[in-house]
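Residue-level listing of the chains:
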Amino acid sequence: MSKIVINHTPPLSGTVRVSGAKNSALPILAACLLADGDSTIEDIPNLKDIENMIALIKWIGLDVSPLENYSVRIRSSKLKNHEVSYDLASKLRASFLVMGPLLARMGRTRVSLPGGCPIGTRPIDLHLKGFMAMGAKITQGHGYVEAKAKKLKGAKIYLDFPSVGATENIIMAACVADGQTIIENAAVEPEIVDLANFLSSMGADIKGAGTDTIRISGVKDLKGCNHTIIPDRIEAGTFMVAAAITKGTIKIENVMPDHLKPVSAKMREIGIGIKEDDTSISVSAADRYKPSDLKTMPFPGFPTDMQAQFMSLMSIIDGTSIITETIFENRFMHASELKRMGANIKIDGRTAVIEGIKKLTGAQVKATDLRAGAALVLAGLAADGETEIGEVEHIDRGYHNFEKKLISLGAKIRRVE
Ligand code: EPZ
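Summary of the structure given here. Note on numbering: residues in each chain are counted from 1, in written sequence order. Whole-chain, interface and lining totals are the exception, using all residues; otherwise, since this is a predicted model, local features are given only for residues with pLDDT of at least 70 and side-chain atom pairs are given and counted only at 80 or more. Note that water and hydrogens are dropped before the side-chain values are worked out from all heavy atoms of the structure.

**Comments concerning the overall build of the protein chain**
Alright, step 1. Each helix and strand in the protein chain was counted, giving 14 helices and 25 strands.
Alright, step 2. Its C-alpha atoms give the protein chain a radius of gyration of 21 Å, within 12% of the compact-globule value 22 Å for 417 residues.
Alright, step 3. Overall size of the protein chain, expressed as C-alpha extent along the three principal axes, is 65 × 45 × 40 Å.
Alright, step 4. Here the protein chain, with 417 residues, has 58% of them falling under the buried criterion.
Alright, step 5. Here the contacts in the protein chain between residues at least 6 apart in sequence split such that 74% fall between residues at least 24 apart.
Alright, step 6. By the counting scheme adopted, Arg and Lys are positive, Glu and Asp are negative, and His together with the chain ends is not counted. In this description, the location of a charge corresponds to atom NZ of lysine, CZ of arginine, CG of aspartate or CD of glutamate. One way to put it: in the protein chain the 51 positive side-chain charges average out to a point 3 Å from where the 48 negative ones average out. Only DSSP runs of H or I covering at least 4 residues are called helices, and only runs of E covering at least 2 are called strands; the numbering of each starts at the N terminus. C-alpha atoms define the radius of gyration in this analysis, and the globule rule sets the expected value at 2.2 Å times the number of residues to the power 0.38. Only protein chains enter the accessibility calculation, which uses a 1.4 Å probe; a residue whose area is less than 20% of its type maximum is buried, one above 50% is exposed, and one in between is partly exposed. For this analysis, residues touch if any pair of their heavy atoms sits within 4.5 Å.

Written out as structure tokens, the structure reads:
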């Protein structure tokens, strides 16, 4: 088991380049199951989750070969398997994203119910509601969910919650269904738009991606295409907090500033300097920060995937900051780890009240989930002394070369086996 050790770090400086977005690459890799022919996908981040998704689509029947600098070529012909086993699904929560493509392409799929994960139960009822509306027969039992449909039919589907995964799964299933599907109250995250752009390049007919009403008119078949994954807005936001928490000044490249509007707005509210051009964001520290409140919301609200990182920053901002987590029911586990470092945080249900302290102190802590792990790294940069983080495999699921990139900005961080 490896650990990450961080020592107090002076203000970060320099330039860092963000990788392709994990949460865009995952559904796009699943969408390759829908097409015949070759696709080339660029800027795929080299992450554990991506490795597991590639293993899954290879097992299902795609031929995936790595090309140079984070690109892959995917050859799709005959699909062999329509089942996703328990051990695969438990390694990769996003494995349920193959359900829509398999149902559409093979007329059936059997996927192990995604195990819960630390931040919440992660139900898939909205995904299944969409498939049933399109005529699929759904059965559940023995920890598996099975869906069958000779040919999916277009339907009108209202999502009770603008679920990212459900929106993605239903779009993929609808691409080759008979007739038109309308998704109302759809998720509008940038990763939805990237997936829709990829599918449209394959020949799909999708209108309204990025708005809460998406219309998909089924086509006969889809062909391979070339695509570059959008930059990872959460990785970019994590580096923005790294600069702020060390009072540094850095430039973050390969960024789409529009995707970071809620994060940049919150940072400006705190008093951090933010400068943007078309493809980069520069963050410069102020000598005093103001406490502020944040509430996680579906895009374009403040992203839940940035909540833990901001809790680390707020822990050392003089005054009272309040965080409300409205998306996941159990996404404050990093608070108890931060308290081991001296943070003053009170949790009451979905609300965290943070009283800023002067200095965090280094301690032994553990990553409880992906973004919590990243938040503890940021806290370690600012803390006095040495911080040792265990269970770092959570961090490796979502951050590519995290230590290397931080070291290039001056961070005192190393991995020990
Ligand atoms: C995606 O998860 C992301 N993962 C998550 O990122 C992100 O936190 C989340 O969207 C919200 O933005 C990927 O894209 C692979 P949801 P997803 O369906 O699709 C409820 C990270 O750190 N819900 O929008 O699972 C659910 O319980 C990860 O990179 C239902 O009730 O998120 C949750 O409360 C963590 N029924 C809320 O919706 C359903 O059928 C948000 O879930 C589906 C979801």
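Past the structure itself, the notes keep going.
**Some points on the pattern of salt bridges**
Alright, step 1. Throughout this description, the term salt bridge denotes a Lys or Arg side-chain nitrogen within 4 Å of a carboxyl oxygen of Asp or Glu. In this structure the tally under the stated criterion is 23 salt bridges.
Alright, step 2. Where Arg397 meets Asp49, a salt bridge forms, and the shortest distance between an N and an O atom there is 2.9 Å. Here Arg397 is found in helix H13 (residues 393-398), whereas its partner Asp49 is found in helix H2 (residues 48-60), with 348 residues between them in sequence.
Alright, step 3. Residue class for Asp49 comes out buried when judged on its relative accessible area of 3%.
Alright, step 4. Close ionic contact of Lys220 with Asp221 constitutes a salt bridge, the shortest N to O distance being 3.8 Å.
Alright, step 5. On the basis of relative accessibility, which here comes to 75%, the residue Lys220 falls in the exposed class.
Alright, step 6. Salt bridges sharing partners connect three or more residues here, namely Glu83, Arg108, Arg110 and Glu146.

**Looking at the pairing of strand E20 (residues 320-324)**
Alright, step 1. Residues Ser321 and Ile323 point to one face of E20 and are all buried, whereas Thr320, Ile322 and Thr324, pointing to the other face, are not buried.
Alright, step 2. When strand E19 (residues 293-295) meets E20, the two strands line up parallel, connected through 3 bridges. When the bridges of E20 are listed, Lys295 appears paired with Thr324.
Alright, step 3. Throughout, right-handed denotes a crossover for which the path from the first strand over the helix to the second runs clockwise when the strands point away from the viewer. In terms of handedness, the path from E19 via helix H10 (residues 307-314) over to E20 forms a crossover that is right-handed.
Alright, step 4. What makes two strands pair is DSSP finding at least two bridges between them. In this structure, E20 lies alongside strand E22 (residues 351-355), joined through 5 bridges in antiparallel fashion. Counted as the bridge partner of Thr324 is Thr351 from E22.

**Here's the deal with the environment of Phe161**
Alright, step 1. With respect to the element layout, Phe161 can be found in the loop between strand E10 (156-158) and helix H6 (164-174).
Alright, step 2. Taking the C-alpha atoms as reference, Phe161 lies 9.8 Å from Ile327; in sequence the two are 166 residues apart.
Alright, step 3. Among residues more than four places away in sequence, those in contact with Phe161 are Leu126, Asn185, Pro298 and Ile327.

**Considering the sheet that holds strand E21 (residues 344-348)**
Alright, step 1. Pairing is mixed across the open sheet formed by 4 strands, whose spatial order is E19-E20-E22-E21. Only two strands of the sheet have a single neighbouring strand rather than two, namely E19 and E21. Across the sheet, the axes of successive neighbouring strands diverge by a mean angle of 15°, strand direction being ignored.
Alright, step 2. Between N-to-C directions, angles cover 0 to 180 degrees, with each direction set by a line fitted to C-alpha atoms, over the stretch in contact for helices. This element, H10, spans E19, E20, E21 and E22 of the sheet and lies at about 170° to E20.

**A look at the site of the ligand**
Alright, step 1. The ligand sits among 21 residues. The nearest are Asp125, Leu126, Ser163, Asp305 and Ile327.
Alright, step 2. Pairs of N or O atoms are called polar contacts if they sit within 3.5 Å, as long as, within protein, a hydrogen donor faces a hydrogen acceptor (for residues adjacent in sequence, only side-chain-to-side-chain pairs). Between the ligand and Ser163, the relevant distance is 2.7 Å, taken from an oxygen atom to a side-chain nitrogen or oxygen of the residue.
Alright, step 3. Contact between the ligand and Arg371: an oxygen atom at 2.9 Å from a side-chain N or O atom of the residue.
Alright, step 4. When the ligand is considered free in solution it has 830 Å² of accessible area, and contact with the protein chains removes 87% of it.
Alright, step 5. Secondary structure elements with two or more residues in the shell around the ligand: helix H1 (22-31), helix H5 (125-133), H6 and helix H12 (370-382). What makes a residue near a molecule or strand is one non-hydrogen atom of that residue sitting within 4 Å of it. Computed with the Shrake-Rupley method and a 1.4 Å probe, the accessible areas treat only the protein chains shown as cover for residues.

**Focus on the packing of helix H8 (residues 233-245) against helix H9 (residues 261-270)**
Alright, step 1. Interhelical geometry of H8 versus H9 gives an angle of 10° and a closest axis separation of 11 Å. Viewed along their axes, H8 and H9 adopt a mutual orientation that is roughly parallel. In contact with Met240, Val241 and Ala244 of H8, H9 contributes Val263, Ser264 and Met267.
Alright, step 2. The residue classification treats Ala, Val, Leu, Ile, Met, Phe, Trp, Tyr, Cys and Pro as nonpolar and Asp, Glu, Lys and Arg as charged. All others, Gly included, are polar. In terms of residue class, the contact of H8 with H9 is built from 5 nonpolar, 1 polar and no charged. For this classification, under 35 degrees means roughly parallel, over 145 means roughly antiparallel, 65 to 115 means roughly perpendicular, and everything else is oblique.

**Thoughts on the layout of surface pockets**
To locate leftover empty space, one rolls a probe as large as a water molecule over the atoms.
Alright, step 1. Here a cavity means grid points, on a 1 Å grid over the protein atoms only, where a 1.4 Å probe fits yet cannot get out; a pocket means an open set of points with protein on both sides within 12 Å along at least five of seven lines; lining residues are those with an atom within 4 Å of a point. Grid points are joined across faces, edges and corners, and a volume is the space filled by probe spheres set on the points. Empty space within the second largest pocket amounts to approximately 400 Å³.
Alright, step 2. Lys247, Asp287, Ile316, Ile357 and Lys358 are the residues nearest the centre of the second largest pocket, which is lined by 21 residues in total.
Alright, step 3. Going through the elements one at a time, H8 and H12 are the ones with two or more residues in the lining of the second largest pocket.
Alright, step 4. Looking at the lining of the second largest pocket residue by residue, the classes come out as 11 nonpolar, 4 polar and 6 charged.

**Examining empty space enclosed by the protein**
Alright, step 1. By the definition in use, this model includes 1 cavity of 30 Å³ or more.
Alright, step 2. In this model, the largest cavity occupies a volume close to 30 Å³.
Alright, step 3. Looking at the largest cavity, the residues that line it are Val18, Pro231, Asp232, Arg233, Ala236, Asn254, Val255, Met256, His259 and Leu260.

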